[in-house]
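Spelled out from the first residue to the last, the chains are:
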Amino acid sequence: MYLATTGRRDAPPTPSGVRRRVPGTVLALGAVSLVTDVSSEMVTAVLPLYLVLGLGLSPLQFGLLDGLSTGATALVRLLGGTAADRGGRHKQIGGLGYALSACSRLGLLLAGGATGWIATAIAADRLGKGVRTAPRDALITLHSPPEDLGRAFGTHRAMDTVGALLGPLAAFALLWATADAYDAVFAVSFCVGAFGVLLWVLLVPGRTREAKGPGGVSTQPAAEPAAARARGGLFAGLRSPAYRRIVLCAGLLGAATVGDSFLYLLLQRRLAFDAVWFPFLPLGAAGVFLLLAVPAGRLADRIGRRAPFLYGHGALLLAYGLLLAPLPDTAVLLGVLVLLGVFYAATDGVLMALTGPFLAEGRQAGGLALVQTAQALARVGAAVAFGAVWTAGGPETALVAALLALTAALCCAARLLPDTPADRSAPRPSAAAVVPETSERTD
């Protein structure tokens, strides 16, 4: 595996007993994500209703549309991560992704009821997300101490989730005020997204900051040439067995993950509540996520990031089971939303924090993008397969199949997934210090 012989350049170790603060760059990135998530969740909250109930798409058609648009991000995600690593252009590449997602709202606004144009607009939004995610997460990794990556990602995800809470509320208020005018939702979403792009330009630094010691003298070693850090190509990190197992497990678990939209449609179908309340469903899961994201990240920093990640998927498994259980509707509703929030709190940022220490300097964005791409491609198949089984055999059959698939994937991941060292002072590996993995287990 990768063994580190050089430390971080921008985050010297924090002395024991000193209270650590979340880096300002992480807070700036959180603010951008908060605003952007208000924009995106306004659309996400109403899109299943708009497509399935408004335009009359079948579950299979919705699954194909959702899955293919998600799959469209795969190549762009990798290209975005690679481009961001070259020359440290994380801000430029990330900003391009945020701008593309904002403009996709205009596409939805102009598409009318044309399914092809709607699919194009959704694909543009997913492409924008694919382009920006790895550079943004790489900036979090670059500006945070390695021992506090879980806390940093948890803080960012918590701020992001505030936007996820506000977005559906704004969508509901607009639909209520405009008598179900979806165009109003798309227009306001575009304006909010444009504001998020402005915040990115103004608040987010383009490069990692140089650490200064007393007297303004630099405490960092001389920077490696960008070309030296970029050798080996995008897949160079796969030489590390631990990193390979992370990529494999992300794909296995992603292939058994049913999209949130399907779970919300299943809840609406079982509880038979009025469609006007549909945008409120994501609020329950988002609220739990908001409460648990930072504690889950801090716990992962203390005990290792492997266990919370696996337990989070266990929570999703329980959510599948609740939808099949003969329990009161209220218990099912609350249980599924709470478990879904636990799932995201224990897996979203934790997976990035788990991956970061296995990536060499100059490879953060590309390495994170590869993990995210494996997960995204697997979820393409999951969305299409779940929609097909639902259409052919009904929702109960599809849920049973998803439950069995997730159980099998979780068992495999429990055997394969590595963990980061518990030592809080462990530095990140350098591209110039790669040695083969020995027989001693250090991952």
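## As for the overall build of the protein
The secondary structure content of the protein amounts to 15 helices and zero strands. Summarising the internal contacts of the protein: among those between residues at least 6 apart in sequence, 85% fall at separations of at least 24. Approximately 18,100 Å² of the protein is accessible, and the part contributed by carbon and sulfur atoms is 67%.

## Side note on the state of the cysteines
Within this structure, the stated rule accounts for zero disulfides. Of the cysteine sulfurs around C249, a residue in no disulfide, the closest is that of C412, at 8.3 Å.

## So, the nonpolar core
In this structure, L263, Y264, L267, Y320, L323, V371 and F386 are the most contacted members of the largest nonpolar core, which totals 95 residues. When residues in this core are grouped by element, the largest group, 13 residues, is from helix α1 (residues 24-54). Not counting chain neighbours up to four residues away, the residues in contact with L267 comprise A272, F273, L281, L323, V332, L333, V336 and L337. By size, the runner-up hydrophobic cluster in this structure holds five residues, among which are A84, I93, V131 and A365.

## Things to note about a nonpolar patch on the surface
On the surface, F195, L198, V201, L202 and L203 cluster together to form a nonpolar patch covering roughly 490 Å² of accessible area. A relative accessible area of 48% means that V201 is categorised as partly exposed.

## So, helix α10 (residues 260-271)
The end-to-end C-alpha distance of α10 is 16 Å, a good match for the 16 Å that twelve residues give at a rise of 1.5 Å each. Within α10, the full set of buried residues consists of S261, F262, L263, Y264, L265, L266, L267, Q268 and L271. Within two residues after α10, A272 carries a phi angle of roughly 55°, on the positive side.

## Some points on the packing of aromatic side chains
Taken as a whole and judged by the stated rule, the model has six aromatic pairs. Measuring from ring centre to ring centre gives 5.9 Å for F262 and W390, while their planes differ by 50°; the resulting arrangement is tilted. Of this pair, F262 sits in helix α10 while W390 sits in helix α14 (residues 364-393); the two residues are 128 residues apart in sequence, bridging distant segments of the chain. Given a relative accessible area of 12%, W390 falls into the buried group. Taken together through their ring pairs, the aromatic side chains of F262, F386 and W390 make up a single cluster.

## Observations concerning helix α13 (residues 329-355)
Counted at 1.5 Å a residue, the expected span for α13 with its 27 residues is 39 Å, and the 39 Å between its end C-alpha atoms agrees. A maximum bend of about 25° is found in α13 at G349.

## So, the confidence of the model for the protein
The pLDDT averaged across the protein works out to 78; a share of 78% of its residues lies at or above 70. When the criterion is pLDDT under 50, residues 1-18 qualifies, and its contacts beyond four places in sequence or with other chains add up to 49 contacts.

The rules behind the values
- Residues numbered from 1 in each chain as written.
- Predicted model: local features only at pLDDT ≥ 70, side-chain atom pairs only at ≥ 80, totals over all residues.
- Heavy atoms only, no water.
- Helix = DSSP H or I, 4+ residues; strand = E, 2+ residues; numbered from the N terminus.
- Contact = heavy atoms within 4.5 Å.
- Areas by Shrake-Rupley, 256 points an atom, 1.4 Å probe, with all protein chains shown as cover.
- Disulfide = S-S within 2.5 Å.
- Core = buried A, V, L, I, M, F, W, Y, C linked by side-chain atoms within 4.5 Å.
- Buried < 20%, exposed > 50% of the residue type's maximum accessible area, 1.4 Å probe, protein only.
- Patch = residues over 30% accessible without salt bridge, like charges linked within 9 Å, V, L, I, M, F, W, Y side chains within 5 Å.
- Salt bridge = Lys/Arg side-chain N within 4 Å of Asp/Glu carboxyl O.
- Expected span 1.5 Å × (residues − 1).
- Phe/Tyr/Trp six-rings, centres within 6.5 Å; stacked < 30°, edge-to-face > 60°.
- Bend = angle between axes of the 7 residues up to and from the residue.
- pLDDT = per-residue confidence, 0-100.

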